[in-house]
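# What the coordinates show
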Amino acid sequence: MPADVFAPSTRRSLLRAALVGLGAVSLPVLQACGQASPPSPSAATPKSSTAQSTAKPTNVATSGAATTPAAATPAAGAKPAGRGGAKITLIGSSDSRPWFEYVGKQYHDATGGSLQLITQAYDQTHNKIVTAIAGGSSVDVVTVDTIWGAEFADAGFLTPIDQRLTKEITASLVPHALDPWSYKGHQWAVPVSYYFKFYYYNTEILQKGGISAPPKTYEDLVDVSKQLIDKKLVKYGQSWGWTQAEGLICDWQQLMLAFGGNWWDKSGQWSFNQGGAVQALDYMVSNLKSKVFDPASSTLTDRTTMNVFARGDTAFMTNWGFAWSAVNDTKQSKVAGKVKLTINPGTKVAKVVSTSCGGGGGFGITPNSKAKDDAWTVVGLITSITKPENDLPKLKMIGAPPVHEAMWHDPKVLQEEPQFAEMIKQAPYMRHRPVLPWYTDFSKIVQIELTKAFSGEKAPQKALDDAVAAVKAKGNPPTG
Amino acid sequence: MMQPTDVVNATERARSHQGRSKIRFGERSLAVVLIIPTLLIVFGLTIYPILYAFWISLHQVDFIKARNATPFIGLANYAHVLASAYFWDSSWRTLYFTVVSLVVQTILGLAIALVLNEQFIGRGIVRALILIPWALPTIVNGVLWEWIYNTDYGALNGLLLQLGVISEPQLWLGDPMRALNMVLIADTWKVLPFYVVMFLAALQTIPGHLYEAAAIDGASVWGRLVHVTLPYLRPMLLVILVLRTLQTFRVFDIIYVLTQGGPGGGTRVIAFYAYETTFLNLNFGYGTALSFIIGLGTLAIALGYVRVLRTEEVD
């Protein structure tokens, strides 16, 4: 009888099971939050004796050795005599794992200490760091993206490293290299790579179209694109990564600054709904509509937009340094060997030469680290800040552009990476995104309003007005 | 060996003669000892985190605004959530997603199950094939559909262009409402096997003689479906609805992969909003309050189903 199959009791128990399931599964966020507790201020300088006494026994050899030089020799214990490097735990993106392992060996050879790695895909890294540190895990070194600096600093995830940065180190770095992590008068992290966006163009298409040089202004870009489209050499002039994601903010800032707009005005008020900013968004929207730019740009990221350029469907692309090897890889690109680099266009209307958005990552030390000196040793090696010779292997292993100015002009580097000669010309026009502790929130608001303008839901002026109003309600531009 | 039922019986007995016999008391403590590990696990992994999260939701725990000060603010977080336009936007979006998903998927799932319940050559193979989407991890499914929807090189535009249905490539994920529907389609493809398998299981319990009797009484195919098949499927339908409502209400992973809540916030469903607030904006107090409200919402839906189920039983 079918009634037996679903007898009331079975049904009830099924439902009960479902309800129990609800308790367990409907609150994953809650459970994760449950582990989170605000890092106590005493973590950096333990006030309570219990905190110290519980932490000490397991780490007496390592932390004692690391923080007090006198203890280094006697406390070394099992480690090679005369050295006493601590076990340093690092959270970073898995893309860079080979590099971390390489540095781990260097660190071990130099100090006898070890480097323990916690790596995950880049997209998970922010959450991993937040949950690990907020949950009280012992982590010494964390990767800090350019846009996380202020956030992590305010959240108490980082300890200032001003004292450790000598004048010689600072002077040897490329311009603006430290900017993203300079916040509230302190330096919170140091860069591992020096990224910014460049202008890529397809020499073959330009030649076929009788165009002698890539456009120097965005106005010219439209004219040149139209010519190439009319001659059926390309589908669109340029494709962009303008989906609702962080990459959109980079390009938006680049275009806004090129058209003479700015995030905030001289009086410190948000102003990206005025003048050049509105012109920039008008320019973006109208060229998407007229198909001078790939209309699919609003669904592509800075990575997927490379496919369009790599297939030869567009002549131009704004992208990060990593695109260089991707579009020149014959396995994944039809345009390999036909690509050249130059600086991003400016505008005639605002008389701007060029603009570019900075990116890349850095490394900082957590306040909870019990071996901050050793942590700094690791940071110095990973970022190559304290060991410029590390710039080259780092470039080879993870493609991180060097942080030392001299390396960009070094014949040894240029022999391997001749494009660097062009890339470094973009550096003076580079600017980082706003250093705000609530950057993620800020960025999301702007992303959403910009995409509303792309989809035609709002006019550019209205979208920017709404974005400014929403951002204003959250806070003020960074000071200083 | 002592069976679990023996333990229960022993406990019962021990209760009726409390403390009289040392052996009985021993059995009772054994029962307690046996339950303790489970209780600890349930408490440690479910009850404690939920209580702690509730505690956080009553405080201002915003790492960005003030990391060291976490004052007690009562229900202010809850009030902020309920006053937030983002919350209501994402709630309505989630409701739309849930209702449309359930309706579309139930109809399609039932239709496929009815076909697969018929005798035809190759039925076994087709039944196995239908399970494939269910075997894919959601993340893989998300990436798969991201490529299908790709404007320039996607299979969907390719197919529709060749068939002449569209004259130029469409931006499938470029418009907020359309993107939400496209996510819904991708999700439907993935979960349909669940409906099919569940319905198929229920269909196979319907005795064939009922159909014969109905046919003799002159019932049409439609009449047999409405008066024989559907009433038998009702209990299974309720189970599916309960499970799927809870799932769609919390949909997250496919959106994380496919649209990241975009474009224009068009696919920012409630679970994604909670994730953004908590883990991206580091506002744990607000985020937990939001999660509790979501939890209460799902609970209300579950209780609604219990009610329906009760009336079912009375009938």
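The rules behind these values
- Residues numbered from 1 in each chain as written.
- Chains lettered and ligands numbered in written order.
- Predicted model: local features only at pLDDT ≥ 70, side-chain atom pairs only at ≥ 80, totals over all residues.
- Heavy atoms only, no water.
- Pairing = 2+ DSSP bridges.
- Helix = DSSP H or I, 4+ residues; strand = E, 2+ residues; numbered from the N terminus.
- Contact = heavy atoms within 4.5 Å.
- Axes fitted to C-alpha atoms, helices over the stretch in contact; angles between N-to-C directions.
- Phe/Tyr/Trp six-rings, centres within 6.5 Å; stacked < 30°, edge-to-face > 60°.
- Buried < 20%, exposed > 50% of the residue type's maximum accessible area, 1.4 Å probe, protein only.
- Lys NZ or Arg CZ within 6 Å of the ring centre and 35° of its normal.
- Disulfide = S-S within 2.5 Å.
- Core = buried A, V, L, I, M, F, W, Y, C linked by side-chain atoms within 4.5 Å.
- pLDDT = per-residue confidence, 0-100.
- Expected span 1.5 Å × (residues − 1).
- Polar contact = N/O pair within 3.5 Å; in protein donor to acceptor, adjacent residues only side chain to side chain.
- Right-handed = clockwise from strand over helix to strand, strands pointing away.

### Here we look at the sheet that holds strand β6 (residues 190–191) of chain A
Residues and elements named next belong to chain A. Pairing in this open sheet of 5 strands is mixed, and the strands run β2-β1-β3-β13-β6 from one edge to the other. Looking at which strands have only one partner, the edges of the open sheet turn out to be β2 (114–120) and β6. Both strand β1 (residues 87–93) and strand β3 (residues 141–145) contribute to a ladder of 2 bridges, which runs parallel. Note that in β3 the partner of L90 across the bridge is V141. Along the sheet face, helix α6 (residues 122–134) touches β1, β2 and β3 and points at about 140° away from the line of β1. In the packing of helix α15 (residues 372–383) onto the sheet, contacts are made with β1, β2, β3, β6 and β13 (361–365), and the angle to β13 comes to roughly 170°.

### So, the packing of aromatic side chains
Under the definition given, this model contains 48 aromatic pairs over all chains. Summarising the aromatic geometry, the rings of Y439 of chain A and F442 of chain A are spaced 5.7 Å apart at their centres and angled 50° between planes, so their arrangement reads as tilted. Here F442 of chain A and Y439 of chain A lie together in helix α20 (residues 439–454), a separation of 3 residues that amounts to about one turn. Each member of the pair, Y439 of chain A together with F442 of chain A, is buried. Three or more aromatic residues link up through ring pairs in this structure, and these residues are Y218, W240, W242, F259, Y283, F293 and F454 of chain A. Lying over the aromatic face of Y86 of chain B, R268 of chain B brings its terminal NZ or CZ to 4.8 Å of the ring centre.

### Considering the environment of G362 of chain A
Residue and element names in this part refer to chain A. Within the secondary structure, G362 is located in strand β13. Among the residues examined, G362 registers a relative accessible area of 0% and is labelled buried. As for G362 and W188, which are separated by 174 residues in sequence, their C-alpha atoms are 9.4 Å apart. Residue contacts for G362: discarding those within four places in its chain leaves V142, T143, V144, W181, V190, P191 and V192.

### Considerations on the state of the cysteines
All names here are of chain A. This model, assessed by the stated rule, comprises 0 disulfides over all chains. Free cysteine: C250, not disulfide-bonded; nearest cysteine sulfur from C357 at 3.7 Å. Classification of C357 by relative accessible area gives buried; the value is 0%.

### Comments concerning the nonpolar core
Residues and elements named next belong to chain A. Core analysis: the biggest nonpolar cluster contains 102 residues, and W252, F272 and F442 have the highest contact counts within it. It is helix α12 (residues 276–289) that provides the largest number of residues to this core, a total of 8 residues. If near-sequence neighbours (up to four positions away) are discounted, F272 is found in contact with W252, M256, N262, W263, A277, F442, V446, L464, A467, V468 and V471. One finds L90, V103, V192 and F363 within the second-largest nonpolar core, a separate group that totals 54 residues.

### What about the confidence of the model for chain B?
Per-residue confidence for chain B gives a mean pLDDT of 87; residues scoring 70 or more make up 89%. The ipTM, which scores confidence in the relative placement of chains, is 0.76 for this predicted complex, and the corresponding pTM is 0.78.

### Section: helix α4 (residues 85–116) of chain B
The terminal C-alpha atoms of α4 of chain B lie 46 Å apart, and with 32 residues this matches the ideal 46 Å at 1.5 Å per residue to within 8%. The opening residue of α4 of chain B, the one whose side-chain oxygen lies 3.1 Å from the backbone nitrogen of Y86 of chain B, is S84 of chain B.

### Section: the confidence of the model for chain A
For chain A, per-residue confidence averages 83 on the pLDDT scale, and 82% of positions sit at 70 or higher. Between residues 1–82 of chain A, whose pLDDT stays under 50, and residues either more than four places distant or in other chains, the model counts 111 contacts.

### What about the pairing of β1 of chain A?
All names here are of chain A. By the criterion of burial, β1 is predominantly enclosed, with 6 of the 7 residues buried. The pairing of β1 with β2 spans 7 bridges and is classified as parallel. Within β2, the residue paired with I88 across the bridge is L115. In this fold, the crossover linking β1 to β2 by way of helix α5 (residues 97–111) has right-handed handedness.

### What to know about the pairing of strand β8 (residues 198–202) of chain A
Residue and element names in this part refer to chain A. Of all 5 residues making up β8, 5 are buried, and the element is well covered by its neighbours. Burial of the side chains of β8 extends over both faces: F198, Y200 and N202 are buried on one face and Y199 and Y201 on the other. Pairing between β8 and strand β10 (residues 314–319): 4 bridges, direction antiparallel. If you follow F198 over to β10, its bridge partner there is N319. Here β8 runs beside strand β11 (residues 339–342); their pairing, made up of 4 bridges, is antiparallel. Opposite Y201, over in β11, you have K340 as the bridge partner.

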